[in-house]
Amino acid sequence: MNKFTEFYNGNSVDAYKLLGCHKVGENRYHFAVWAPNAKEVSVIGDFNNWLVNHDKMALEDGIWQITLDARKGDCYKFAITTQSGGILYKADPYAAYSELRPKTASVVWDDQPYLWTDGDWIAKQNKKDVYRSAVNIYEVHAGSWRRHYDGSLYSYRDLAKYLVPYVKKMGYTHVEFLPLAEHPLDASWGYQITGFYAPTSRYGTPEDLKYLVDKFHKAGIGVILDWVPAHFCKDAQGLMEFDGTCCYESADDFKKEHKSWGTRIFDYSRYEVQSFLISNAVYWLKEFHFDGLRVDAVASMLYLDYDRRDGEWRPNKWGGKENLEAIDFLKKLSCKVFEACPYAMFVAEESTAFPKVTHPTYTGGLGFNFKWNMGWMNDVLSYMQTDTLFRIDNHNKLTFSMCYAYSENYILPLSHDEVVHMKGSLINKMFGDYDTKFGQLKALLGFQYAHPGKKLNFMGVELAQWNEWSESKELDWMLLDYPKHDAHRRFVMQLNKTYKKYKPLYQVDTSWEGFKWLLPDDAKNSVLVFERIDKKGNVLLAVINFSIYDYYNYGFELEEGEYSLVLNSDDVDFGGKGVHVEDKIVAEKGYAYVNMPSSSVQYYYKPAGKKSVGKKKKTTEK
């Protein structure tokens, strides 16, 4: 049997073990590359003075191959002679390591086993029900979280030393990295890739990245990688027209390119491309122990008319706009991912209402187990930017998400995309004066954490950073020298810890059994009151006042019981005004009264026993 059979059938999960560069003896390496329409292929590199015709590869089983003398750290490329006689100098699509930008060669690297120490972590994940677990993700761009005093980048090992304890101290359950595969341009944030199998050398070696993941796991923190199978950049050393023809991209002009992004689109109908991408997903999960993948730009894969005008796309065979080949590929991909890593978080960044994204493939779904809730994010941020005088007409933007909250398994994202490109930082999106903005941001976060769905926030939200995020510098850590910002950080830390401590906030995220509206419709006062309930019937009551007014003796119906205050964003320790709120709510004769500071959120906890229903009774305002 041809050892490349699975590769050609589109079913390979370990194509990276057959293709690329691999050590086969003392200073002996085997090179293999798929270039189906090449006339000739040679390996050129430090080991042969980059002479094009010195080490010509032989075509065996449809793959160009050669074994030769080289050393770890040698740089190399493939010199591909096209059918027209031109020569292309291409990096190895399966290279495990690459030269530091702006250089573009691949690097000979020993694929020696790493001595992992996270066995206990892996065992726990295999037994864990992620749907009923706390998932609170800190999204990170590795190059701009922090930097050295001279402006140089933190390495993977620097991040292991400083980021790991920070994330643990702040109380997050997971960290999610923007793409770490090799990419030529810092300003692309890693989303335009040339080396899909090569951890970017900006921050160190592949072993250094494994060390970082290992340290996160030792600290009890999961690690998710942003992964980009939707497109690739057009740099000369990359995948574009790899052998002079369209190998990795479609030759169909209607499917070939994202013109507004300046990138090429993978040909999802081609089996070798399927094997390339499936193996790549498995590679990051198996070889680097990532706990999950966040799949970027899924919507761009699903629709033939994505970012295209009339006349720039062709309907599918059924006359629709769905990309049937990409849909079939995503279903296959999700099955292969969960076969290889059953506990993985496989998350779709999908911005449309495409049905059953997180449903199993055997029920017609795409097979992801989570999806970003972009609708919730857009609605809520729109509401928070609205002048409080006009919020009465926008109240449904807070409540509409509950109409579809259980149609998919959602993650609520306030991601990097919301704090760039002149959109403003999160705190700058908040309506109001200086103090009000801080209160509004805390109320927003309190709403996010109490709303059904897992959580994701981009780095810097805990600083209440005024500036938009820039990949070219570190976060504005000096803000913590200001009491207001440091108090906000303390609130976020306490919010994270409260979320993990109280099961009603996360245990029943996928059905109405875990949620009950008490006050969904007080649009005039910009107030929400609702309960989250865990499997045992314990209740977390969320009281949120999005207005700029303090409310005293605000009444709503509530079954008898005692609720204890567990979080108050208006606490002076969190930078609040310190308006008096009840340490305990005792509901008597069917309802209770509370004080609600302006721009604030309070959580109250009641052990299992009583249930509640409610409607607004009366409000006094100061």
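Since the model is a prediction, treat every value here as computed from it, not as a measurement.

A. Region of the structure containing the side chain of Ser201. Within the secondary structure layout, Ser201 lies in the loop between strand S12 (195–199) and helix H4 (206–218). Among the residues examined, Ser201 registers a relative accessible area of 9% and is labelled buried. One polar contact links the side chain of Ser201 to the main-chain amide nitrogen of Leu100, over a distance of 3.4 Å. When neighbours within four sequence positions are excluded, Ser201 is seen to be in contact with Tyr97, Ser98, Glu99, Leu100 and Glu182.

B. Structural context of the pairing of strand S3 (residues 40–45). The element S3 is largely enclosed, with a buried count of 5 among its 6 residues. Here 6 bridges tie S3 to strand S6 (residues 75–81), and the two strands are oriented antiparallel to one another. Bridge pairing links Val41 to Ile80 in S6.

C. Inspection of the sheet that holds strand S14 (residues 232–233) at higher detail. Taken in spatial order, the 3 strands of this open sheet run S14-S16-S15, and their pairing is antiparallel. Edge positions in the open sheet fall to S14 and strand S15 (257–258), since each of these has one partner strand only. Inspection of the sheet shows S14 paired to strand S16 (residues 263–264) by 2 bridges, in the antiparallel sense. Residue Phe232 lies in a different strand from S16, and its bridge partner there is Arg264.

D. Quick peek at the packing of helix H11 (residues 434–450) against helix H12 (residues 483–501). It is the contact of H11 with H12, at a shortest axis distance of 11 Å, that shows an interaxial angle of 10°. The orientation of H11 with respect to H12, classified from their angle, is roughly parallel. In contact with Tyr434, Asp435, Phe438, Leu441, Lys442, Leu445, Gly446 and Tyr449 of H11, H12 contributes Lys484, His485, His488, Phe491, Val492, Leu495, Asn496 and Tyr499. Looking at the contact of H11 with H12 residue by residue, the classes come out as 9 nonpolar, 4 polar and 3 charged.

E. Geometry of the pairing of strand S23 (residues 527–533). Counting buried positions along S23 yields 7 of 7 residues, so the element is predominantly enclosed. Burial along S23 is two-sided: Val527, Val529, Glu531 and Ile533 facing one way and Leu528, Phe530 and Arg532 facing the other are all buried. Bridge analysis of strand S22 (residues 515–522) against S23 gives 5 bridges, and the strand direction is antiparallel. Across the sheet, Trp517 pairs through a bridge with Phe530, a residue of S23. What sits between the antiparallel neighbours S22 and S23 is a turn of 4 residues, in which Ser526 has the positive phi angle 55°. Inspection of the sheet shows S23 paired to strand S24 (residues 539–545) by 7 bridges, in the antiparallel sense. Residue pairing across strands places Glu531 opposite Leu541, the latter belonging to S24. Connecting S23 to the next strand, S24, in antiparallel fashion are 5 residues, including Gly537 with a positive phi near 95°.

F. Spotlight on the sheet that holds strand S27 (residues 584–587). The strand order across the open sheet formed by 6 strands is S22-S23-S24-S29-S26-S27, and the pairing between neighbours is antiparallel. The open sheet has two edge strands with one neighbour each: S22 and S27. Within the sheet, the average angular offset between the axes of one strand and its neighbour, ignoring direction, is 20°. Along the sheet, H11 contacts S23, S24 and strand S29 (600–606); its crossing angle with S29, the most-contacted strand, is approximately 35°.

G. Expanded view of helix H5 (residues 271–287). Compared with an ideal rise of 1.5 Å per residue, which puts 17 residues at 24 Å, H5 spans 23 Å between its outermost C-alpha atoms and is within 8% of the ideal. The element H5 is largely enclosed, with a buried count of 14 among its 17 residues. Directly after H5, the chain includes His289, whose backbone phi takes a positive value near 60°.

H. View of the UniProt feature "domain: Glycosyl hydrolase family 13 catalytic" (unreviewed entry) in the protein chain. When the UniProt feature table is mapped to this numbering, "domain: Glycosyl hydrolase family 13 catalytic" (unreviewed entry) covers residues 139–516. Note that residues 139–516 is 33% helix and 13% strand, and that its end C-alpha atoms are spaced 30 Å apart.

I. Here's a closer look at the packing of aromatic side chains. Counted by the stated rule, this structure contains 61 aromatic pairs. Summarising the aromatic geometry, the rings of Tyr404 and Tyr410 are spaced 5.9 Å apart at their centres and angled 80° between planes, so their arrangement reads as edge-to-face. Where Tyr434 meets Phe438, the ring centres are 5.1 Å apart and the plane angle is 65°; that geometry is what we call edge-to-face. One end of the pair is Tyr434 and the other is Phe438, both in helix H11 and 4 residues apart, which spans about a single turn. The ring centre of Trp109 lies 4.4 Å from the NZ or CZ of Lys72, which sits over that ring. Residue placement shows Arg294 over the ring face of Trp372; its charged tip is 4.2 Å from the ring centre.

Definitions and cut-offs
Residues numbered from 1 in each chain as written. Predicted model: local features only at pLDDT ≥ 70, side-chain atom pairs only at ≥ 80, totals over all residues. Heavy atoms only, no water. Helix = DSSP H or I, 4+ residues; strand = E, 2+ residues; numbered from the N terminus. Buried < 20%, exposed > 50% of the residue type's maximum accessible area, 1.4 Å probe, protein only. Polar contact = N/O pair within 3.5 Å; in protein donor to acceptor, adjacent residues only side chain to side chain. Contact = heavy atoms within 4.5 Å. Pairing = 2+ DSSP bridges. Axes fitted to C-alpha atoms, helices over the stretch in contact; angles between N-to-C directions. Parallel < 35°, antiparallel > 145°, perpendicular 65-115°, else oblique. Nonpolar A, V, L, I, M, F, W, Y, C, P; charged D, E, K, R; others polar. Expected span 1.5 Å × (residues − 1). UniProt positions renumbered as here; feature names shortened; annotations may be inferred. Phe/Tyr/Trp six-rings, centres within 6.5 Å; stacked < 30°, edge-to-face > 60°. Lys NZ or Arg CZ within 6 Å of the ring centre and 35° of its normal.

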